[in-house]
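Listed below, chain by chain, are the residues.
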Amino acid sequence: MKRSVSENWEANAATWTKLVRAGYDIYRDALHTPAFLEMLPDIKGLNGLDVGCGEGANTRALARAGAKMTGIDIAPTFVHHASEYEENEPLGIRYLTADALHLSFDDAQFDFASAFMSMMDMPQQGDVLKEIFRILKPQGFFQFTILHPCFVPPFRKNIRDENGKVTAVLVADYFENIDGSLETWLFSSVPQTEREQHKPFNIPRFHRTLSEWIGMINAAGFILEASVEPMASKELAAQEEVVADTRVTPIAWIVRLRKPQN
Ligand SMILES: C[S@@+](CC[C@H](N)C(=O)[O-])C[C@H]1O[C@@H](n2cnc3c(N)ncnc32)[C@H](O)[C@@H]1O
């Protein structure tokens, strides 16, 4: 029987938590989160919601930057691991199991919202954007990062030279609106000896084109305020070979949206 999005993420959650906490999500830790934080406005004292928080590493980064954070995730095991971390090292974060499509918060509760690599994993992203718009105060912002719609469509393959250096990226199926097709993988930096101990993740993908994302952002009522496509520096690419492909094309698209005053 086909599993739902939440069932797939629930099945991924324990292994995902273990592997990211062991440092195997190198794109996230070395490139994408630092770029996200660099782009973020001052959040000291603001009330923030992190949507699709997973085990909470990025929610904690926002709390350490001074925000009063709430993290929500559809998978209870992620919320359990994030809450356990909070009990051991309190940052004043509240975690809840919730679907981003139906938030239980009143209108205009939050100064800002964030979502790190979760929006492309959700169906009905247009409705999720409307829901986030609803819970934001006027002039509040929503900053999120997703797999880059142009450079990580359903098919992507790195082309390498004889030394293994990525020289080009092959992409295809850009116009295929996949709705929940499963991608099965583990972080590429997990060593071979360890790979056999883990069941690969099954990730339901909901790819949309760049124009569709811009259309959904506009339809929700947001103003697209800023956009960044993180690229590894030469030094970082030499240090962490896995992210060197972002010097050819980006993997992530980070955008900041603003809810207008009226
Ligand atoms: C790629 S993980 C990213 C986790 C975390 N934000 C991070 O950067 O480490 C995507 C997350 O989105 C969550 N998710 C997927 N669909 C969701 C939904 N409809 N509502 C809330 N969370 C969802 C998953 O359970 C998973 O934790």
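Per an unreviewed UniProt entry, the protein is named Ubiquinone/menaquinone biosynthesis C-methylase UbiE, and its organism is Pseudochrobactrum saccharolyticum.

Participant: Describe the site of the ligand, listing the residues and the values that go with them.
Facilitator: Every one of the 19 residues lining the ligand counts as a neighbour, but Arg28, Gly52, Asn58, Asp73 and Phe116 are closest to it. Contact between the ligand and Arg28: an oxygen atom at 2.8 Å from a side-chain N or O atom of the residue. In the environment of the ligand, a nitrogen atom lies 2.7 Å from a nitrogen or oxygen atom belonging to the backbone of Gly52. Protein chains bury 96% of the 600 Å² of accessible surface belonging to the ligand in isolation. Residues belonging to the shell around the ligand are distributed by class as follows: 11 nonpolar, 4 polar and 4 charged.

Participant: Describe the sheet that holds strand E4 (residues 110-116), listing the residues and the values that go with them.
Facilitator: Taken together, the 7 strands give an open sheet; going across it, the order is E3-E2-E1-E4-E5-E11-E10, and neighbouring strands pair in mixed fashion. The open sheet has two edge strands with one neighbour each: strand E3 (94-97) and strand E10 (223-228). Pairs of neighbouring strands in the sheet enclose a mean axial angle of 20°, with direction left out of account. Here 6 bridges tie E4 to strand E5 (residues 136-147), and the two strands are oriented parallel to one another. Looking across to E5, one finds that Ala113 is bridged to Phe142. Sitting on the sheet, helix H2 (residues 26-39) touches E4, E5, E10 and strand E11 (252-258), and the angle it makes with E11 is about 25°.

Participant: An account of the nonpolar core is needed here, citing residue identities and associated values.
Facilitator: Core analysis: the biggest nonpolar cluster contains 41 residues, and Leu49, Met119, Leu129, Ile132, Phe142, Phe144 and Phe222 have the highest contact counts within it. Among the elements of the structure, H2, strand E1 (47-51), E4, helix H5 (125-135), E5, helix H7 (210-220), helix H8 (234-239) and E11 are those that each provide at least two residues to this core. If one sorts the elements of this core by residue count, E5 sits on top with 5 residues. Counting residues in hydrophobic clusters, the runner-up holds 19 residues, among them Phe36, Leu62, Ala67 and Phe116.

Participant: How would you sum up the side chain of Thr70? Please name residues and give values.
Facilitator: Of note, Thr70 is situated in strand E2 (residues 68-73). Once you skip the residues sitting within four places of it in the chain, Thr70 turns out to touch Gly48, Leu49, Asp50, Arg94, Leu96, Phe105 and Phe110.

Participant: Kindly report on the pattern of salt bridges, identifying the contributing residues and their values.
Facilitator: Counted according to the given criterion, the structure contains 14 salt bridges. Measuring nitrogen to oxygen at the nearest pair gives 3.2 Å for the salt bridge that ties Arg156 to Asp245. With Arg156 in strand E6 (residues 155-160) and Asp245 in the loop between H8 and E11, this residue pair connects regions lying 89 residues apart in the sequence. In the salt-bridge network here, residues are joined through shared partners; they are Arg21, Arg28, Asp29, Glu55 and Arg60.

What counts as what
- Residues numbered from 1 in each chain as written.
- Predicted model: local features only at pLDDT ≥ 70, side-chain atom pairs only at ≥ 80, totals over all residues.
- Heavy atoms only, no water.
- Near = heavy atom within 4 Å.
- Polar contact = N/O pair within 3.5 Å; in protein donor to acceptor, adjacent residues only side chain to side chain.
- Areas by Shrake-Rupley, 256 points an atom, 1.4 Å probe, with all protein chains shown as cover.
- Nonpolar A, V, L, I, M, F, W, Y, C, P; charged D, E, K, R; others polar.
- Pairing = 2+ DSSP bridges.
- Helix = DSSP H or I, 4+ residues; strand = E, 2+ residues; numbered from the N terminus.
- Axes fitted to C-alpha atoms, helices over the stretch in contact; angles between N-to-C directions.
- Contact = heavy atoms within 4.5 Å.
- Core = buried A, V, L, I, M, F, W, Y, C linked by side-chain atoms within 4.5 Å.
- Buried < 20%, exposed > 50% of the residue type's maximum accessible area, 1.4 Å probe, protein only.
- Salt bridge = Lys/Arg side-chain N within 4 Å of Asp/Glu carboxyl O.

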